[in-house]
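Descriptive analysis of the structure
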Amino acid sequence: MNNQADSLSSTVETLQTNDANFLFNEIIFGVAILAFMALVIIEKIKPFRRFPQKIGKESFITNTTAFIFNNFILTVLRASSLFFVAQQFSSIGILSGLDNGPFKWILSFIFFDLAIYVWHLASHHFEFLWRFHKIHHSDKSFNVSTGFRFHVFDLFLEIPYKCLFVIIIGVDAYVVLAIETIELLFIFFHHANITFDKEELLSRYIITPSLHRTHHSALRSEHDSNYGIVLSGWDQLFGTRLECVPEKIGLDVIEAENFLQLFFLAFITERHVRKILAIIPKGKKRV
Ligand SMILES: [Zn+2]
């Protein structure tokens, strides 16, 4: 009887912890979306660079459509895979011996940021990964919505990589999901078309818009740099930091005017891009 009561109270406790974790994640997500809206307004008032209105509008619509589509497809898959793997294997990883608390969360965050730095670097250097990642770089504008612009397969391929992270580091799936949401906030920030006092000083610690703008240069010698997401120390440590103002944003041979073209771009060779795009429907023409 006592055993039954114990197991019931531990189930209730687990449910309460899960509720608290869900609430925490929802709060951070809400903060990220508010930050997104605030950055959109700041970009409008004081942009770092003025893009032609047509390019800016196209970029915003295509990127937000990609975000809605990708989230619709991947949210459940991403969360359920992480939970499944964490349940089975999170007790064997490097940090699994530590108590669940701020110290473990901060270490997990640092490890996660390094893991994503490595993934991002690999996405630029392996042709198969670049095929999907170049979609992110195809934006001719650089604005906060560029942080939404990812090919669904780019995000899909990240799932097993993140599961591997859970196994090696030994963290709870909730922690990974919370870290991901916090990283989203920084992704919005470093894609913002803004500049501010002391940006250079801040860039010694975290990835700022000026560092990430270089990462969106049309030149390969410039966009193969500044792979960090939150901490800029990884680029300094591994010699991939580059500070310059790119002359042109986007990729020369890659163009997409809408979400459908964006999706198909990954499956065609750059040599034939222009020819093939001509036969993919462009949707309603905007003036
Ligand atoms: Zn990149």
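What this report covers is the structure whose coordinates are included nearby. (Residues numbered from 1 in each chain as written. Predicted model: local features only at pLDDT ≥ 70, side-chain atom pairs only at ≥ 80, totals over all residues.)

Brief notes about the nonpolar core
In summary, soluble globular proteins display a tendency toward joint burial of nonpolar side chains. Leu-82, Val-166, Ala-173, Val-176, Phe-188 and Ile-229 are the most contacted members of the largest nonpolar core, which totals 34 residues. Only helix H1 (2-45), helix H2 (53-89), helix H3 (102-125), helix H5 (152-170) and helix H6 (173-191) provide two or more residues apiece to this core. Ranked by the residues each element gives to this core, the list is headed by H6, at twelve residues. Contacts of Ala-173, omitting those with residues within four sequence positions, involve Leu-82, Phe-83, Ala-86 and Val-166. (Core = buried A, V, L, I, M, F, W, Y, C linked by C-beta atoms within 7 Å. Buried ≥ 20, exposed ≤ 12 C-beta atoms within 10 Å, placed from the backbone. Helix = DSSP H or I, 4+ residues; strand = E, 2+ residues; numbered from the N terminus. Contact = placed C-beta atoms within 7 Å.)

Thoughts on the packing of H3 against H6
Across the interface, H3 lies against H6 with an axial gap of 10 Å and an inter-helix angle of 60°. The angle between H3 and H6 places the two elements in the oblique class. In the packing of H3 onto H6, the handedness of the crossing is right-handed. Contact residues: H3 offers Trp-105, Ser-108, Phe-109 and Phe-112, while H6 offers Val-175, Val-176 and Ile-179. Residue classes in the contact of H3 with H6 are distributed as six nonpolar, one polar and no charged. (Axes fitted to C-alpha atoms, helices over the stretch in contact; angles between N-to-C directions. Parallel < 35°, antiparallel > 145°, perpendicular 65-115°, else oblique. Left-handed = near helix turned anticlockwise from the far one by under 90°. Nonpolar A, V, L, I, M, F, W, Y, C, P; charged D, E, K, R; others polar.)

Focus on unusual backbone geometry
Phi is positive for Lys-198, which is not a glycine, with a value near 65°. Taking the C-beta count within 10 Å as the criterion, Lys-198 has 8 such neighbours and is therefore assigned exposed.

Description of the environment of Ile-73
In this structure, Ile-73 sits in helix H2. Residue classification places Ile-73 among the partly exposed residues on the basis of 13 C-beta atoms within 10 Å. Considered as a pair, Ile-73 and Val-152 are 79 residues apart in the sequence and their alpha carbons are 8.1 Å apart.

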